[in-house]
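# Overview (structure and organization)
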2 protein chains.
Amino acid sequence: MMNLPLTVGAMLERAEKFFPKKQIISRTSTKVSRLTYKEIGQRTRRLASALANLGVSQGDCVGTLAWNHHRHLETYFAAPGMGAVLHTINIRLSEEHIVYIINHAEDKVLLIDEDVLPLIEKVSDQLKTVKAFIVMSDEKILPESTLSPLYSYEQLLEEEDEKFEFVKEIDENLPAGMCYTSATTGNPKGVVYSHRGIVLHSFAMGLADTAAISESDRCMPVVPMFHANAWGLPFTATLLGTTQILPGPQFTPKLLAELIESEAVTVTAGVPTIWLGLLNELEKGNYDTSSLRAVLCGGAAAPRGMIKAYESKYNIPFLHAYGMTETSPLVTLSRLKSYQENLAEEERLEVRSMQGLLVPGLEMKVAGAAGETSWNGEEMGELLIRGPWIADEYYKDERSEEAFQDGWLHTGDVVTVDQEGVIKIVDRTKDLIKSGGEWISSVDIENALMAHEAVFEASVVAVAHNEWQERPVACVVLKDEFKKTVTKEDLREFLTPQFARWWLPDDIVFLEEIPKTSVGKFLKRALRDQLKNHFVH
Amino acid sequence: MMNLPLTVGAMLERAEKFFPKKQIISRTSTKVSRLTYKEIGQRTRRLASALANLGVSQGDCVGTLAWNHHRHLETYFAAPGMGAVLHTINIRLSEEHIVYIINHAEDKVLLIDEDVLPLIEKVSDQLKTVKAFIVMSDEKILPESTLSPLYSYEQLLEEEDEKFEFVKEIDENLPAGMCYTSATTGNPKGVVYSHRGIVLHSFAMGLADTAAISESDRCMPVVPMFHANAWGLPFTATLLGTTQILPGPQFTPKLLAELIESEAVTVTAGVPTIWLGLLNELEKGNYDTSSLRAVLCGGAAAPRGMIKAYESKYNIPFLHAYGMTETSPLVTLSRLKSYQENLAEEERLEVRSMQGLLVPGLEMKVAGAAGETSWNGEEMGELLIRGPWIADEYYKDERSEEAFQDGWLHTGDVVTVDQEGVIKIVDRTKDLIKSGGEWISSVDIENALMAHEAVFEASVVAVAHNEWQERPVACVVLKDEFKKTVTKEDLREFLTPQFARWWLPDDIVFLEEIPKTSVGKFLKRALRDQLKNHFVH
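Residues numbered from 1 in each chain as written. Chains lettered and ligands numbered in written order. Predicted model: local features only at pLDDT ≥ 70, side-chain atom pairs only at ≥ 80, totals over all residues. Heavy atoms only, no water.

### As for the packing of aromatic side chains
Put simply, the test is: Pairs were defined over the aromatic rings of Phe, Tyr and Trp, the Trp ring being its six-membered one, requiring ring centres within 6.5 Å. Orientation was assigned from the angle between planes: stacked under 30 degrees, edge-to-face over 60, tilted for the rest. Helix and strand assignments come from DSSP, with helices taken as H or I runs of at least 4 residues and strands as E runs of at least 2, each series counted from the N terminus. Throughout, exposure labels follow a simple rule: accessible area from a 1.4 Å probe, protein chains only, divided by the maximum for the residue type, with under 20% read as buried, over 50% as exposed, and the rest as partly exposed.
If you walk through the whole model with that rule in mind, you get 16 aromatic pairs over all chains. Taking 5.1 Å as the distance between ring centres and 70° as the angle between the ring planes, the aromatic pair formed by B:Tyr394 and B:Phe404 counts as edge-to-face. Of this pair, B:Tyr394 sits in the loop between strand 19 (381–386) and helix 14 (400–403) while B:Phe404 sits in strand 20 (residues 404–405), and the two are 10 residues apart along the sequence. Like B:Tyr394, the residue B:Phe404 is buried in the burial classification. A connected cluster of aromatic rings, assembled from ring pairs, spans A:Tyr76, A:Phe77 and A:Phe235.

The following block contains the structure:
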């Protein structure tokens, strides 16, 4: 067979050749543009040419600080198309982390949305490798800025060559993209995506048995393009000539609902928070969402009630997926097997609310307390993944050793696998309670507690214990109206019929508030610190 | 990203792990078996182990002479699974060519259907490399045979290890499969398929935008497993856990219709002749074909009337595809683009009856008389293809030089490409008439002639001409009842309004019969020889 490399550039070329009339609908802070793949192709080639003229060489990183819009999409292909590396930067990170990331990746050029300029202006004197800034604005006129040299995206394009040739005769294992993922402690960790990985991931997303992205779709990635390449959708959609709807900055549930209706969106993707917001909006307004064939949901577990509301109330099929920055990100997707379609509705929902089946092309293993676990829906273990779109290291980072062992990515997610091979995430390894050689899922107990009418929030953590190594302690915030009436004993009684005796928390501690991370997740580390001597008497 | 190779073994492993209960329904000459992927997996591992014990080493060829059944499927994975090469041999070839193929590929072991044994017995003394024969029969008892050593497939499996480990840590570019394709003259030419090529082709076949093979399908390849890996369907279906229905030897249109109904087949694949036969059967019988979502048709152009009959009369979607042994084989597929769905029915049929759009992952070029052709639906040129599942040579064959140039496969097919990028095959390069620097399609004139009520068969060939280099001459067989009444002039008059003047044949020669190849195609070479001095006076 021919030794032809899989390249990102070739994906856009296909759209240019076969789908030149298909559109990208792009919302920026000032307007909505409609460009064809032919135009996107020409503009991408101009940008690639501009990057080369700015001194970007093969293997250099090109950073982006931008929302979901057509200029970001053009950069997705221009950087790898000219042999450089697309480095998408999470604009929600702290200034300190953004500075770290840019210096660590050694970004040569930064492409920045106009509303993000102030952030970079503040830290520009700390950036060690950046040689040029490009502002991604609808205007050719440069805004007032302390950044230098600063170029206007549209002005740059005007001066460049729309016939610039993409680099295609390269080693497909060379880097094409990069994204940093937040760590529990310390600096974010860099993940490098190869041309091969991106192309294979795009094929995987187009399979009838996964997300089934198709030319006939109208695809709206709500997940930011700085989060694991917006789950690879901009790449996949381009490969297939799919119409893309890019919702731009500061979108609201109302705007999303309006876009779904006006642009007849067929497939969209985002985290559960987005879909909770949209659900509220759908309750309020009167929107036509009949075009939607799938809502892809990942990043965190989607509540079962929400999946049910979408499917039964709005007839919108909900596709629960699982992945992480390290995995490009698609790992599993919760489609039913053909013979599961006959299950009762509640059972179907049960399967659909789990993380799903491993997609073709990847391999998995579940490492439990005593070797590989059985697929019985009960035994817990850490999910290990390998495959051609899974990272094999963190970029120049000592923390690689822990996560990548013997050719497997250790996801840090604790899962059970049922007899059909369907994965359910039950905890993070670091939050799991290891009691006398057995494992207890903190998440399961939390979910049970939060189903009690008096409980506002609950977080269950491991506390060191002389006899059992660790034992669970539940931290509970009661709703105001129950604060005087509900006791530890009430909650313990409520839990007792639901769990094995040894799973029950040894203590329940009432708090006024559970400490949280900047993105609103429970800060279990703080709770563990607080309770570390709880059993020391 | 991880440097994990794409391997054939890993595809079966996925089915074993995630779809162990799904079935392979297999018809042999004596019975119909139903085996699960779990059983197929165990049996495949036993076979792989047996091959190793018979002395097959990495890179050795394992030949098959077999119809479509589960043992053939097991061999599809056992040979590459243990590092050897699956060599499927076309049992319809001449003895001489079969001997050439086996010796040229240096097959170490031959797996043979019981009804094919006599063929191999006759030539066994000419086979130079074969060390063992295995008869693929439902029985463990060996039939009477002069072949030696001869093993029973089922007896062999019984003695082997069902936990045999597939070779997965190999270079994905190593050979996994092999198939010889007939040449116009001389011996068949060998095409080698790599692990990488087979896996990528399988992904391509599973895309929502191509054949969309899915776990929920019930897939019946009618195209023989010795023809370009049954278009890759056994590989794709296994990767996705799809139910497979293998129709075995000597099937009839009636049997196919019955299988479609009884096994609720959703997708099937074969050449136009098969679908003409099935269409006749559907007219006669009363079959429920409502399960069918797609009939894949390739190998030759499907008549437009047939496509229409399937779609409008039986509501069976017809998917016209194009490929060849050298291309694994999927190259194009005639799906409509989303915005073409709005065309009038006849226009849709027009598009659908062409060969279609290039599938993702491949690249094409059309080389006309004066460089690359325009996509205007008129300019003709030879189709050139490249990509990761396209062969880069014929195995140890001098004829490689002609077909593989500058990294492109020269298909020998002359095509036009319309403005949407849809390919239509208009001729074979060797049958094209090159008249005064312009090209004339022999096929177009033949089709026009055959639409005349008096014409039974017509073949148009190039004849050497002093002034124009070549000019077309039409060879026509009239239907008996018109032999005395219809003249050359009548036919010329019939053609005149349909073509440019310079396309019209310089002469029309009436024959009693058009010489044909062993598979029923017009033997144009013989006609050209016969007419070579037609314009020499």
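Now, onward.
### Let's talk about the interface of chain B and chain A
What counts, and what does not: Should any heavy atoms of two residues lie within 4.5 Å, those residues are counted as being in contact. In this description, buried area is defined as the sum, over both parts, of the accessible area (probe of 1.4 Å) that is lost when the two are combined. The salt bridge definition used is simple: a Lys or Arg side-chain nitrogen within 4 Å of an Asp or Glu carboxyl oxygen. N or O atoms closer than or at 3.5 Å make up a polar contact, with two conditions inside protein: a donor-capable atom paired with an acceptor-capable one, and, for residues adjacent in sequence, both atoms drawn from side chains.
Chain B puts 62 residues into the contact, and the matching count from chain A is 62 residues. Counting each side, the surface lost to burial between chain B and chain A is near 4900 Å², with a carbon and sulfur contribution of 60%. On the chain B side of the interface with chain A, the three residues burying the most area are B:Met1, B:Met2 and B:Phe18, jointly 20% of the side's total. Inspection of the region where chain B meets chain A yields 6 salt bridges. Where B:Lys21 meets A:Glu420, a salt bridge forms, and the shortest distance between an N and an O atom there is 2.7 Å. Connecting chain B to chain A are 22 residue pairs in polar contact (both at pLDDT 80 or more).

### Side note on the relation of the copies chain B and chain A
As a reminder, the rule being used: Only residues with pLDDT of at least 70 in both copies contribute their C-alpha atoms to the least-squares superposition of the copies.
The transformation that overlays chain B on chain A combines an axial shift of 0.0 Å with a rotation of 180°, and the residual RMSD is 0.2 Å. The superposition of one copy onto the other is thereby described by a two-fold rotation axis. Here 98% of the interface residues in chain B have copies in chain A that are interface residues too; the copies meet face to matching face.

### A look at the pattern of salt bridges
Where charged atoms from two side chains of opposite charge approach closely, those side chains can pair. As enumerated under the stated definition, the model contains 77 salt bridges over all chains in all. The shortest N-O distance in the salt bridge between A:Lys140 and A:Glu158 comes to 2.4 Å. Of this pair, A:Lys140 sits in the loop between strand 6 (132–136) and strand 7 (150–152) while A:Glu158 sits in helix 6 (residues 153–158); the two residues are 18 residues apart in sequence, bridging distant segments of the chain. Taking relative accessible area as the criterion, A:Lys140 reaches 39% and is therefore assigned partly exposed. With a relative accessible area of 47%, A:Glu158 lands in the partly exposed category. Through salt bridges with shared partners, a single network forms among A:Glu13, A:Glu16, A:Arg45, A:Lys168, B:Glu363 and B:Arg386.

By themselves, these observations are geometric and do not establish any function.
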